[in-house]
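# Examining the three-dimensional arrangement
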Amino acid sequence: MLRPINNKFRSCHSLAGLWDFQMDPDRCGEKNRWFKVLPNPRSIPVPSSWNELFDDARDYLDESWYLKKFFFNAHLENKTSYLRFDSANYFSCIWLNGVGLGEHEGGHLPFEYDVSDKILNTQENVLAVSVENRLFPSRVPPGGADGWKAGAGTSMYPDANYDFFPYCGLHRDVFVCTKPVQCIEDIKFETLAASVDSASVCVRVVTNIKEGQIAVRLTIGGEQTEVLRTITDHITEIAFDVSKPQLWSPEDPALYDLNVELFDSSSAVVDEYLLYVGIRTVSVTKTGVSLNGKDMPLKGFGKHEDSDFFGRGLNLPVLVKDHELMKWVGANSFRTSHYPYAEEWLDLADRDGLLVISETPNVGLYFDGDEAELGSRQKLSERFLAELIDRDKNHPSVIAWSVANEPSPPAIYSSFAELEKTEENQLRKAVGKSEVTTVVPGTQQLKDLIDVGRSYDATRPVIVVNLLGAPDQWLDLGDMVCITRYWGWYVKSGRLDEAAELLEKELETIHKKTGKPIFLAEFGADTLAGCHAVPSEMFSEEYQVELLKIYLDLFEKKDYICGVHIWNFADFKTSQAVLRVGGMNLKGVFTRDRKPKMAAKFLHDRWSK
Ligand code: GCB
């Protein structure tokens with residue numbers, strides 16, 4: 001599925017702006033034909049999350065209706081018209097001019113409907129969308145189980161199984177588009193090998209016509225490589241060399257124009273598509289991530305798409321500001337924790353040279369319980385991963401696929417006291433006191449996800465991000481060991497010296513066991529901006545700095561630690577729970593409105609100089 005663009009063969013118009021909106025707690029909308037007109041609408045901006053805007057809708061996750069009238073005026077000769085939704089969280093049904101187009105499950109990836117025979121040209125159209133994000137164990141990410149299964153076992157409201165607010169709505173743009181009837185359907189650009197002298201690249205083009213020709217032009221700074229090939233059976237694979245390529249890297253995020261033209265059997269150009277691509281290779285070696293054959297230690301953050309007023313809705317000023325602040329701090333990378341971000345994040349990362357670990361919405365997975373539920377959830381998990389790779393595959397900034405965040409083994413722990421013991425037991429086990437011999441439930445599902453990742457993309461590493469207490473069997477499923485660690489926060493709270501000692505011991509042990517580099521994907525401390533204490537204590541800005549320093553010092557000391565991502569870039573909204581003051585996770589280095597805490601300055605001094 002190619003992203004909509006404007007050029008002489010294609011058009012796309014954004015429907016972002018104010019839409020009519022109405023909640024439907026009685027689920028009477030369809031029966032009462034709300035897809036034609038809403039009886040009592042209010043205005044809502046698209047993109048945004050409704051929970052962030054209306055008093056009566058903050059915790060409302062059930063069905064709501066969006067309605068937009070728009071005028072369509074296009075040259076439709078030999079064109080297909082379609083609607084494109086960049087994301088609707090989580091389950092949506094779409095109607096155009098009173099006709100149902102279909103339903104879609106999944107909150108963070110695009111979907112489209114061909115509306116060629118339903119859209120009214122040079123006339124007004126009515127688009128209606130019903131959306132809900134109810135929390136069910138069968139969904140991805142799962143919710144609605146008894147308590148926060150993966151966490152402390154405390155109750156939370158709304159009852160998500162993950163630590164971020166289950167925002168609802170049309171979170172990204174909606175487009176009305178046209179493309180040629182005979183068209184390019186997909187383009188995949190891959191760097192197979194690259195050095196400063198020469199690169200070998202491959203362009204795979206899928207078309208909806210069986211025969212014809214494809215021209216591929218790769219251009220940078222006036223230098224052009226052009227190749228022409230015949231299409232056989234809808235697909236053309238064109239491998240060619242680029243001499244003296246300008247390699248994409250954080251220091252020089254060089255982007256080439258990749259222009260693809262489609263010729264029909266009478267040699268007329270019928271479609272054209274322009275992509276910005278980067279030539280670079282990425283792999284994992286014994287010491288970590290290697291970009292263009294050079295070690296690339298990762299320094300950065302786990303994040304969220306989260307901001308005041310917009311909720312999870314795409315907020316372009318925040319997007320740009322976050323990139324600026326990440327660069328100011330001296331970060332070189334971030335993870336799209338815990339779901340695919342709007343593609344605009346990746347566009348900017350491509351241009352800025354930030355490295356991205358692109359994550360699926362597979363967060364808070366667990367593997368005990370109703371089998372049918374687990375089975376359908378696994379199918380969804382695999383589908384979302386495949387769709388994510390399909391969407392993001394051409395972004396040079398994307399250096400790895402994270403197939404799951406913190407899956408939990410059965411009955412891992414039910415309280416923090418137990419967690420603390422579990423960690424020590426875990427450590428004891430890891431130093432060889434006892435061996436786990438049985439296959440932990442969930443292992444096969446995770447392996448299957450890794451396989452899906454590798455089968456869709458052989459050019460990028462695939463990882464699973466594991467929590468403290470995850471079975472050894474899960475640690476090295478991916479290309480590198482990726483772990484979240486809260487020594488000094490949830491475990492050994494307030495005891496940073498002990499935390500430092502245990503962290504080091506644990507990492508040494510894991511490295512000895514797996515022989516793989518270790519990426520610290522999360523560590524951090526909730527910190528109330530403006531709270532100070534000498535000596536430092538939990539929640540003070542000083543404590544956050546001291547805790548981060550432990551992890552960063554170790555990163556500098558141990559070659560096998562190949563990256564550190566601080567949790568989190570900014571404070572973010574969560575469900576209400578005893579651990580979440582004001583419904584917020586306060587582990588941000590910046591506040592939710594992007595003001596620096598002491599830790600931001602500490603990182604800037606340490607990383608940007
Ligand atoms: C984690 C989760 C993240 C939470 C974080 C925390 O390990 O991956 O989603 O927000 O811990 O702050 O508890």
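Residues numbered from 1 in each chain as written. Predicted model: local features only at pLDDT ≥ 70, side-chain atom pairs only at ≥ 80, totals over all residues. Heavy atoms only, no water.

Moving on, we come to the site of the ligand. Among the 13 residues in the neighbourhood of the ligand, the closest are listed as D163, H338, E406, Y490 and K587. A distance of 2.5 Å separates an oxygen atom of the ligand from a polar atom in the side chain of D163. Surface burial for the ligand is 93%, taken as the share of its 330 Å² of free accessible area covered by protein chains. (Near = heavy atom within 4 Å. Polar contact = N/O pair within 3.5 Å; in protein donor to acceptor, adjacent residues only side chain to side chain. Areas by Shrake-Rupley, 256 points an atom, 1.4 Å probe, with all protein chains shown as cover.)

Before going further, it helps to spend a moment on the layout of surface pockets. Approximately 860 Å³ is the volume found for the largest pocket. Together, 38 residues line the largest pocket, and R3, Y273, L275, E343 and D347 are the ones closest to its centre. Residue assignment for the lining of the largest pocket shows that the elements contributing at least two residues are β11 (184-194), β17 (269-277), α2 (343-352) and α3 (371-392). Sorting elements by how many residues they give to the lining of the largest pocket places α2 first, with six residues. (1 Å grid on protein atoms, 1.4 Å probe; cavity = no way out; pocket = protein on both sides within 12 Å on 5 of 7 lines; lining within 4 Å. Points joined across faces, edges and corners; volume = space filled by probe spheres on them. Helix = DSSP H or I, 4+ residues; strand = E, 2+ residues; numbered from the N terminus.)

We now examine the side chain of K558. Mapped onto the secondary structure, K558 falls in the loop between α8 (541-557) and β28 (561-567). When its relative accessible area of 16% is taken as the criterion, K558 is described as buried. Among residues more than four places away in sequence, those in contact with K558 are E504 and E508. (Buried < 20%, exposed > 50% of the residue type's maximum accessible area, 1.4 Å probe, protein only. Contact = heavy atoms within 4.5 Å.)

Across all of its chains, the model carries 27 aromatic pairs by this definition. When the centroid spacing of 5.1 Å and the interplanar angle of 75° are considered together, the rings of W489 and F539 count as edge-to-face. In this pair, W489 sits in the loop between β26 (481-484) and α7 (496-514) while F539 sits in the loop between β27 (518-522) and α8, placing the two residues 50 residues apart along the sequence. Residue classification places W489 among the buried residues on the basis of a relative accessible area of 5%. The structure contains a cluster of three or more aromatic residues connected by ring pairs, namely W19, F21, W50, F54, Y60 and Y66. The ring of Y82 carries K179 above its face, with NZ or CZ at 4.9 Å from the centroid. It is R377 that lies over the ring of Y366; its NZ or CZ is 4.4 Å from the centre. (Phe/Tyr/Trp six-rings, centres within 6.5 Å; stacked < 30°, edge-to-face > 60°. Lys NZ or Arg CZ within 6 Å of the ring centre and 35° of its normal.)

This part takes up helix α1 (residues 316-329). With 14 residues, α1 ought to run about 20 Å at 1.5 Å a step, and its terminal C-alpha atoms sit 20 Å apart, in line with that. Taken residue by residue, α1 has V318, L319, D322, H323, L325, M326 and V329 as its buried positions. The arc enclosing the buried residues of α1, seen along the axis, measures out at 165°, which places them on a common side. Residues of α1 that are buried in the fold lie against β21 (298-302), β22 (333-335), α2 and α9 (598-607). In the stretch just after α1, G330 is the one whose phi turns positive, near 95°. (Expected span 1.5 Å × (residues − 1). Arc of directions from axis to C-beta.)

Here we take up empty space enclosed by the protein. Applying the stated criterion across every chain yields a total of seven cavities of 30 Å³ or more. Here the second largest cavity is characterised by a volume of approximately 100 Å³. Surrounding the second largest cavity, 17 residues form its lining, N89, Y90, N133, P141 and Y162 being those nearest its centre. When the residues that make up the lining of the second largest cavity are grouped by side-chain class, the tally is 10 nonpolar, four polar and three charged. (Nonpolar A, V, L, I, M, F, W, Y, C, P; charged D, E, K, R; others polar.)

On to the domain arrangement of the chain. Structurally, the chain comprises domain 1 (11-180), domain 2 (184-277) and domain 3 (282-525 + 554-607). Between the C-alpha centres of domain 2 and domain 3 the distance comes to 33 Å. Taken residue by residue, the interface counts 16 residues in domain 2 and 18 residues in domain 3. Roughly 1200 Å² is buried in total at the junction of domain 2 and domain 3, and carbon and sulfur atoms are behind 60% of that figure. Put simply, K393 and D186 hold a salt bridge, and the shortest N to O gap is 3.0 Å. Linking domain 2 to domain 3 there are six residue pairs in polar contact (both at pLDDT 80 or more). (Domains from an automatic or database assignment. Buried area = accessible area lost by both parts, 1.4 Å probe. Salt bridge = Lys/Arg side-chain N within 4 Å of Asp/Glu carboxyl O.)

Moving on: the pattern of salt bridges. Side-chain pairs of opposite charge can arise whenever the charged atoms involved come near each other. One pass over the structure, following the stated rule, counts 51 salt bridges. Here D347 ties to R3 by a salt bridge, and the two come within 2.7 Å at their closest N and O atoms. In this pair, D347 is assigned in helix α2 and R3 in the segment before β1 (11-14), connecting sequence segments 344 residues apart. Here D347 falls in the partly exposed class, since its relative accessible area comes to 26%. A residue is classified by how much of its surface remains accessible, and R3, at 26% relative accessible area, is partly exposed.

The subject of this paragraph is the sheet that holds strand β19 (residues 288-291). Across the sheet, which stays open at both edges, the three strands sit in the order β18-β19-β20 with antiparallel pairing between neighbours. Only two strands of the sheet have a single neighbouring strand rather than two, namely β18 (282-285) and β20 (294-295). Judged from the four bridges that link them, β18 and β19 form a sheet pairing that is antiparallel. Residue pairing for β19: T285 is matched across the bridge by G288. (Pairing = 2+ DSSP bridges.)

Moving on: the pairing of strand β8 (residues 111-114). In regular strands, side chains alternate between the two faces of the sheet. By the alternation rule, side chains of β8 split into F111 and Y113, which are all buried, and E112 and D114, of which none is buried. As paired strands, strand β5 (residues 79-85) and β8 are joined by four bridges and run antiparallel to one another. The residue bridging Y82 from the neighbouring strand is D114, located in β8.

This part takes up the nonpolar core. W19, W50, Y66, F85, L127 and L170 are the most contacted members of the largest nonpolar core, which has 133 residues in total. Sorting elements by how many residues they give to this core places α8 first, with nine residues. Excluding residues that lie within four positions of it along the chain, L170 makes contacts with W19, V46, P47, S48, Y66, F85, S87, A88, V129 and V131. Counting residues in hydrophobic clusters, the runner-up holds 30 residues, among them I187, V203, I214 and L218. (Core = buried A, V, L, I, M, F, W, Y, C linked by side-chain atoms within 4.5 Å.)

What follows deals with the packing of α7 against α8. The N-to-C vectors of α7 and α8 enclose an angle of 30°; their axes lie 11 Å apart at closest approach. In terms of axis orientation, α7 runs roughly parallel to α8. As α7 runs across α8, the sense of the crossing is right-handed. Note on element contacts: α8 touches α7 through Y543, E546, L547, I550, Y551, L554 and K557, opposite L496, A500, L503, E504 and L507. Class assignment for the residues of the contact of α7 with α8 results in nine nonpolar, no polar and three charged. (Axes fitted to C-alpha atoms, helices over the stretch in contact; angles between N-to-C directions. Parallel < 35°, antiparallel > 145°, perpendicular 65-115°, else oblique. Left-handed = near helix turned anticlockwise from the far one by under 90°.)

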